[in-house]
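Residue-level listing of the chains:
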Amino acid sequence: MLKLMKYLKKSAKAIVLIVILLFLQAYCDLSLPSYTSEIVDVGIQQGGIENAVATQLRSETMKQLAMFFTPEEKSIVEQSYEKTGDMWVLKEIDDAVKEKLDAIFAKPMNAMLFLTTESQQAQEMKKQLGITENENIVDFIQQLPQKERMAVTKQLLNQFEKQPDSVIQQSAVAFLREEYTQQGVDLGTLQTQYILKAGAKMLLFALLIMAASIGVTFLSCRVAATFGKDIREKVFTKVIDFSSAEFDKFSTASLITRSTNDVQQVQMLMMMIFRIVLYAPILGIGGIIMVLYTNTSMAWIIGVAVALIILAVGTLFTVAMPKFKALQKLIDRLNLITREILTGIMVIRAFSTEKHEEERFEEANKILTKTNLFVNTAMTFMMPAMMLIMNGISVLIVYKGAYGIDSGAMQVGDLMAFIQYTMMIIMSFLMITIISIMIPRASVSGARINEILETEVTIKDAENTKTPLKEKAGVVTFEDVSFSYPDAEERVLSHITFTAEKGKTTAIIGSTGSGKSTLVNLIPRFFDVTEGAITVDGVDVRQLPQKLLREKIGYVPQKGILFSGTIDSNLRYGKEEATEQEIKKAAEIAQAIDFINEKEEGFDSPIAQGGTNVSGGQKQRLSIARAIAKNPEIYIFDDSFSALDYKTDVVLRRALKTETKDATTIIVAQRISTILHADQIIVLDEGHIVGKGTHKELLSSCEVYKQIALSQLSEKELNSGKEDA
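Attention in this report is confined to the structure presented alongside it. What you see is a predicted model, and the numbers here were worked out from it, not measured in a lab.

Cut-offs applied
Residues numbered from 1 in each chain as written. Predicted model: local features only at pLDDT ≥ 70, side-chain atom pairs only at ≥ 80, totals over all residues. Heavy atoms only, no water. Helix = DSSP H or I, 4+ residues; strand = E, 2+ residues; numbered from the N terminus. Rg over C-alpha atoms; globule rule 2.2 N^0.38 Å. Buried < 20%, exposed > 50% of the residue type's maximum accessible area, 1.4 Å probe, protein only. Contact = heavy atoms within 4.5 Å. Areas by Shrake-Rupley, 256 points an atom, 1.4 Å probe, with all protein chains shown as cover. Lys, Arg positive; Asp, Glu negative; His and termini not counted. Charge placed at Lys NZ, Arg CZ, Asp CG, Glu CD. Pairing = 2+ DSSP bridges. Patch = residues over 30% accessible without salt bridge, like charges linked within 9 Å, V, L, I, M, F, W, Y side chains within 5 Å. Salt bridge = Lys/Arg side-chain N within 4 Å of Asp/Glu carboxyl O. Axes fitted to C-alpha atoms, helices over the stretch in contact; angles between N-to-C directions. Core = buried A, V, L, I, M, F, W, Y, C linked by side-chain atoms within 4.5 Å. Phe/Tyr/Trp six-rings, centres within 6.5 Å; stacked < 30°, edge-to-face > 60°.

Topic: the overall build of the protein chain
Inference 1: Within the protein chain one finds 28 helices and 15 strands.
Inference 2: Taken over the C-alpha trace, the protein chain has a radius of gyration of 45 Å; the compact-globule value for 725 residues is 27 Å, which it surpasses by more than 25%.
Inference 3: For the C-alpha atoms alone, the extent of the protein chain along its principal axes is close to 155 × 50 × 50 Å.
Inference 4: Taken across its 725 residues, the protein chain has 47% of its residues classed as buried.
Inference 5: In the protein chain, of all internal contacts separated by at least 6 residues, the share reaching a separation of at least 24 is 78%.
Inference 6: Carbon together with sulfur atoms contributes 56% to the accessible area of the protein chain, which is approximately 37600 Å² in total.
Inference 7: Each charge class in the protein chain was averaged separately, 77 positive and 86 negative side chains, and the resulting centres sit 3 Å apart.

Structure representation (structure tokens):
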């Protein structure tokens, strides 16, 4: 799977942009709980007053608070506030100074709140100081000598040392609320403004999250689609270069699955990696940092949640993982059986074996379905298990948080934020585990794709290719050629030596399995010789570029193959620039013009995939016309006249002989009548040349040829050598 990542290079800029957008999305996601906390704690509980730093204070209040300041603190306050009339107004200050002021004002405000309330502790303090009930304790302290006043204020401040910061903060805010009321400030408006401001920020973050999410999704889909396109292209290009040896290693059904379903699996995973796998760690780590910043006393709950998730996922994967790895092979098997049945449907019907094939398909389908159901059933436990963990952790947080709120160590908003951050952390792990479901299957698919891409092609161009010799144009020579298929022990061809000359026809005949088709398939390098050499235009075919070599050859296979399109597009397959006159002439020579003209659309008549809408004879004639339209140096007919009737065969070969008089023609034939007038006939028997010469020469010198001839024609026809009786 990792080996395929190199195909992401062209999308590097998009990937960088995705990462940036993910960080932006995570930042916004992680900011929302803190704003929720602030709305609850500050907006609702504190009436919109954020901290102990007042925007303005009455001179009297400032004088009372100043009793508790140290000289340094008093200096900071005086620098931060400007006296305007009877008011001290806060200047424009930065956050660092504001934090210092918050620490300076918080405890003195608590002390003032303590002194101005009619609490039992305040009454006891009055008694200690010898103050009557009607006397103002604040005025009394202000009138004390400095030394005694400092001792009293220090004693007051010490009362708040052990109190939680949240309690001190709330008491300071309560003091400020009373101060603002005395100043005539509308506390309701202040609260509304704060909530609206915080809400607007949350809305902005939500819009940014939406925009980032849309951007990430769009770019992820684009990157994954480009990646899938490149992989499919690489696989297809590689498969096109495969020789028959490689096709023997991979079945057609498997190649189709690998270039479609396997690529799709990897593409889907790639898309999810950019959308989730990269995002989950950013969100999870950010969530942990924010949790520790919010409250460290309950951090152990996160560890419990993660441990439970890992346990649940580990159990499920132990059960389901082996089945994941088997899925792709089962899809291969189903595709193979389906392809076999569809390809051989006529034979299946002829032998009335539909029931057997249905059972074979049903068995493969049932195994695949059963495996899929097992995997999906196992995965259905994933979401309920995760929801149980999430809800259980939420209950645990509320339970422990309630004690913190009761003791003043935690505020309600902080508890809400803690729950949200914890859910984010759990969700990030959940997202990774969901992706982990796809990873095994995509990993198998990636390995299967990579197996194709890393397969060494056996037929490839030489490093130093040679130029064909003009004086030997069209000459094909076999020089002591032997051939055996890869991993086969026996040779298919042994010590084959002959020359097919320009302007002449060389025929190859022999019994079934004698190696005729294999011999001609060596010329265009569908296989490479095991020993010896084959030269075309005086150069070893292994030293010629494959494209150049095959451009010289007009090949007509044993089984006519047509491609979906039109008759015209099929005839132009070897020579796209051929004129209408050349196409028409090729069809006339191949005796295809009559049935083409009978069609309403003529040369524009559609051809179905595989040429299923034309007969076998028509398909073969169109295949021959396609080779003629190419006008090559060398014609290879691999038993290409077998589907033609005798009359059409005779007429076609007469027209073909005139057309190919300046080309080299090599014909593989089963019928003696097809090769009676060949300039050279090669007789094969079990991979060896047992005869070479003209028809008359072989009748007298080659017993194998004579036996083949007598099995097809009468002795009178053979002796007369008539081709068309």
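Quick look at the environment of R275
Inference 1: One can find R275 in helix α11 (residues 252–277).
Inference 2: A relative accessible area of 34% means that R275 is categorised as partly exposed.
Inference 3: Sequence-distant contacts of R275, defined by excluding residues within four places in its chain, comprise L22, V216, T217 and S220.

Description of the pairing of strand β6 (residues 505–510)
Inference 1: When you tally the buried positions in β6, you get six out of six residues, the bulk of the element.
Inference 2: Residues T505, A507 and I509 point to one face of β6 and T506, I508 and G510 to the other, with burial holding for every one of them.
Inference 3: Bridge count for β6 against strand β13 (residues 664–668) is four bridges, and the pairing is parallel. Bridged to I508 within β13 is V668.
Inference 4: Where β6 meets strand β14 (residues 680–685), five bridges bridge the pair, whose relative direction is parallel. Bridge pairing links T506 to Q680 in β14.

Structural notes on a negative patch on the surface
Inference 1: The grouping of E580, E600, E601 and D604 at the surface amounts to a negative patch.
Inference 2: Within the secondary structure layout, E600 lies in the loop between α22 (593–598) and β11 (606–607).

Focus: the sheet that holds β14
Inference 1: Pairing is mixed across the open sheet formed by six strands, whose spatial order is β9-β12-β13-β6-β14-β15. Two strands in the sheet have a free side with no partner beyond their single neighbour: β9 (553–556) and β15 (688–693). Geometrically, the sheet is characterised by an average inter-axis angle of 15 degrees between neighbouring strands, direction not taken into account.
Inference 2: The strands touched by helix α23 (residues 616–630) are β9 and β12 (634–638); relative to β9, the strand with the most contacts, the crossing angle is about 180 degrees.

Considerations on the pattern of salt bridges
Inference 1: The tally for this structure, following the rule as stated, stands at 19 salt bridges.
Inference 2: Notably, a salt bridge pairs K229 with E233, separated by 3.7 Å at the nearest N-O pair. Here E233 and K229 lie together in helix α9 (residues 187–241), a separation of four residues that amounts to about one turn.
Inference 3: Overall, K229 belongs to the partly exposed group, its relative accessible area being 45%.
Inference 4: According to the relative accessible area criterion, E233 is partly exposed, its value standing at 43%.
Inference 5: With a closest N to O distance of 2.8 Å, D528 and R525 form a salt bridge.

What to know about the sheet that holds strand β3 (residues 87–90)
Sheet strands pair via backbone hydrogen bonds, and the direction of the pair is either parallel or antiparallel.
Inference 1: A sheet is described by the order of its strands in space; here three strands give the open sequence β1-β3-β2, paired in antiparallel fashion. Edge positions in the sheet fall to β1 (56–58) and β2 (81–84), since each has one partner strand and no second. Here the average twist between neighbouring strands, direction ignored, is 25 degrees.
Inference 2: Taken together, the three bridges between β1 and β3 define a ladder with antiparallel strand orientation. Bridge pairing links R58 to M87 in β3.
Inference 3: Of the strands in this sheet, β1, β2 and β3 are in contact with helix α2 (residues 59–66), which crosses β1 at around 90 degrees.

Structural notes on the side chain of S484
Inference 1: Positionally, S484 belongs in the loop between β4 (476–483) and β5 (493–500).
Inference 2: Ignoring any residue separated from it by four or fewer positions in sequence, one finds S484 in contact with E490, R491, V492 and T530.

Some details on the environment of V266
Inference 1: Residue placement: V266 occurs in helix α11.
Inference 2: Between the C-alpha atom of V266 and that of I449, which follows or precedes it by 183 residues, the distance is 9.4 Å.

Here we look at unusual backbone geometry
It is generally the case that most residues other than glycine have a negative phi and that most peptide bonds are trans.
Inference 1: Even without a glycine there, the phi angle at D480 is positive, about 50 degrees.
Inference 2: Of note, D480 is situated in strand β4.
Inference 3: Of note in the backbone geometry, Q591 takes a positive phi value of approximately 60 degrees without being a glycine.
Inference 4: Mapped onto the elements, Q591 comes out in the loop between α21 (580–589) and α22.
Inference 5: Q591 gets classed as partly exposed once you look at its relative accessible area, which sits at 21%.

Topic: the nonpolar core
One recurring pattern in soluble globular proteins is that nonpolar side chains are buried together.
Inference 1: One finds L4, F227, I231, M270, I393, I397 and I449 to be the most contacted residues of the largest nonpolar core, which totals 81 residues.
Inference 2: For this core, the secondary-structure elements that each account for two or more residues are α1 (12–45), α9, α11, α12 (279–294), α13 (300–343), α15 (354–380), α16 (382–407) and α17 (412–453).
Inference 3: Of all the elements, α13 adds the most residues to this core, at 17 residues.
Inference 4: The next biggest cluster of nonpolar side chains, apart from the first, holds 47 residues, and it includes I596, I607, I628 and F641.

What about the packing of aromatic side chains?
Inference 1: Across all of its chains, the model carries 13 aromatic pairs by this definition.
Inference 2: Look at F69 and F105: their rings are 5.6 Å apart centre to centre, the planes differ by 75 degrees, and that puts the pair in the edge-to-face class. One end of the pair, F69, is in the loop between α2 and α3 (71–80); the other, F105, is in helix α4 (residues 95–116), and 36 residues separate them in sequence. Considered together, F69 and F105 belong to a single accessibility category, that of buried residues.
Inference 3: Measuring from centroid to centroid gives 4.6 Å for F563 and Y573, while their planes differ by 15 degrees, and the two rings are stacked. Taken together, the residues span a long stretch of sequence, with F563 in the loop between β9 and β10 (565–566) and Y573 in the loop between α20 (567–571) and α21 at a distance of ten residues.

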